Amino acid sequence: MYKKILLPFDFGNTFYNIPEQLAKLTNGDPEAVVTIFHIMSENEMADNVKYHGKHFDDITKDKVEDLKPFTDELDKLDVNYNIVIKTGRVITELLREINENDYEIVVMSNQRARRELKHVLGHVTHKVAKRVNTPVLIVK
């Protein structure tokens, strides 16, 4: 169905229901690839360098390890993926990624890990859906 899918990954959202949706969107096509895209804020990056002595490569390895439960689910469903981690302003970097690549669809989770946050759409989800021409699937 879709061969080039972008999944912005925010560790503040839950993604337990996303692998099944990605499997449906790729329909078992071995050429389909999901790009898991995570942006570290400039503050997070600075804090890691200043307080933990970690640099981008070290932090990236940690983030890939943190993604392992999610990527294990994708592996079980035979969904091909790659992981891209960048640093910068979240909305700016995300819009740049979408506009510079030919993604067929953007899949976003809108289920916050903390239930007390009750916005209809998160700030980033709203901005992306509003500003891109690529179809956006928001999974609750």
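What counts, and where the lines are drawn
Residues numbered from 1 in each chain as written. Predicted model: local features only at pLDDT ≥ 70, side-chain atom pairs only at ≥ 80, totals over all residues. Heavy atoms only, no water. Axes fitted to C-alpha atoms, helices over the stretch in contact; angles between N-to-C directions. Helix = DSSP H or I, 4+ residues; strand = E, 2+ residues; numbered from the N terminus. Left-handed = near helix turned anticlockwise from the far one by under 90°. Contact = heavy atoms within 4.5 Å. Nonpolar A, V, L, I, M, F, W, Y, C, P; charged D, E, K, R; others polar. Salt bridge = Lys/Arg side-chain N within 4 Å of Asp/Glu carboxyl O. Buried < 20%, exposed > 50% of the residue type's maximum accessible area, 1.4 Å probe, protein only. Arc of directions from axis to C-beta. Core = buried A, V, L, I, M, F, W, Y, C linked by side-chain atoms within 4.5 Å. Pairing = 2+ DSSP bridges.

Trainee: Help me out: how do you make sense of the packing of helix 5 (residues 90-100) against helix 6 (residues 123-131) in this one?
Mentor: Helices that pack against each other are described as a pair by the angle of their axes relative to one another and the distance between those axes. With their axes 10 Å apart at the nearest point, helix 5 and helix 6 run at an angle of 35° to one another. In the packing of helix 5 onto helix 6, the handedness of the crossing is right-handed. Where helix 5 approaches helix 6, its residues Val-90, Ile-91, Leu-94, Leu-95 and Ile-98 are matched on the opposing element by His-123, Val-124, Lys-127, Val-128 and Arg-131. Counted by class, the contact of helix 5 with helix 6 contains seven nonpolar, one polar and two charged residues.

Trainee: What am I meant to see in the pattern of salt bridges here?
Mentor: Pairing between side chains of opposite charge can happen when their charged atoms approach one another. Evaluation of the coordinates by the stated rule reveals seven salt bridges. With a closest N to O distance of 3.4 Å, Lys-3 and Asp-29 form a salt bridge. Separated by 26 residues along the polypeptide, Lys-3 in the segment before strand 1 (4-8) and Asp-29 in the loop between helix 1 (18-26) and strand 2 (33-40) bring together distant segments of the chain. The class of Lys-3 is partly exposed, set by a relative accessible area of 40%. When salt bridges that share partners are traced, they join Lys-3, Asp-29 and Glu-31 into one network.

Trainee: What is the right way to look at helix 3 (residues 56-66) in this model?
Mentor: An α-helical turn contains 3.6 residues, so any two residues separated by three or four positions project in the same direction. Taken residue by residue, helix 3 has Ile-59, Thr-60 and Lys-63 as its buried positions. Buried residues of helix 3, viewed axially, fall in a sector of 105°; they line one side. Opposite its buried face, helix 3 presents the exposed residues Asp-57, Lys-61 and Glu-65, each directed more than 90 degrees away.

Trainee: I'm lost on the environment of Phe-11 in this one. Help?
Mentor: Here Phe-11 shows up in the loop between strand 1 and helix 1. In the structure, Phe-11 is positioned 56 residues away from Leu-67 in sequence and 8.8 Å away in space, judged by C-alpha atoms. Those residues in contact with Phe-11 that lie beyond four places of it in its chain are His-38, Lys-63, Asp-66 and Leu-67.

Trainee: Before we go on, may I ask you to explain the nonpolar core in this structure?
Mentor: Formed by 16 residues in total, the largest nonpolar core has its most connected members in Leu-7, Ile-18, Leu-22, Ile-36, Phe-70 and Val-107. Going through the elements one at a time, strand 1, helix 1, strand 2, helix 4 (68-76) and strand 4 (105-109) are the ones with two or more residues in this core. A total of three residues in this core trace back to one element, the largest contributor, which is helix 1. Discounting residues that sit within four places of it in the chain, Phe-70 has contacts with Leu-7, Phe-9, Phe-15, Ile-18, Pro-19, Leu-22 and Ile-36. If you look at the next biggest cluster of nonpolar residues, it comprises twelve residues, including Phe-37, Val-106, Val-128 and Val-132.

Trainee: Which parts of the structure should I look at to understand the sheet that holds strand 1?
Mentor: Each strand in a sheet pairs with its neighbour through backbone hydrogen bonds, running either in the same direction (parallel) or in the opposite one (antiparallel). Strand order in the open sheet made by the five strands is 3-2-1-4-5, with parallel pairing throughout. Each end of this open sheet is capped by a strand with a single partner; those strands are strand 3 (81-87) and strand 5 (136-139). Adjacent strand axes in the sheet meet at a mean angle of 25°, parallel and antiparallel pairs treated alike. Taken together, the seven bridges between strand 2 and strand 3 define a ladder with parallel strand orientation. Among the inter-strand pairings, Ile-36 is bridged to a residue of strand 3, identified as Ile-83. Sheet strands touched by helix 1: strand 1, strand 2, strand 4 and strand 5. Its angle to strand 1, the strand with the most contacts, is close to 165°. Contacts from helix 3 reach strand 2 and strand 3 within the one sheet, and its direction differs from that of strand 3 by about 140°.

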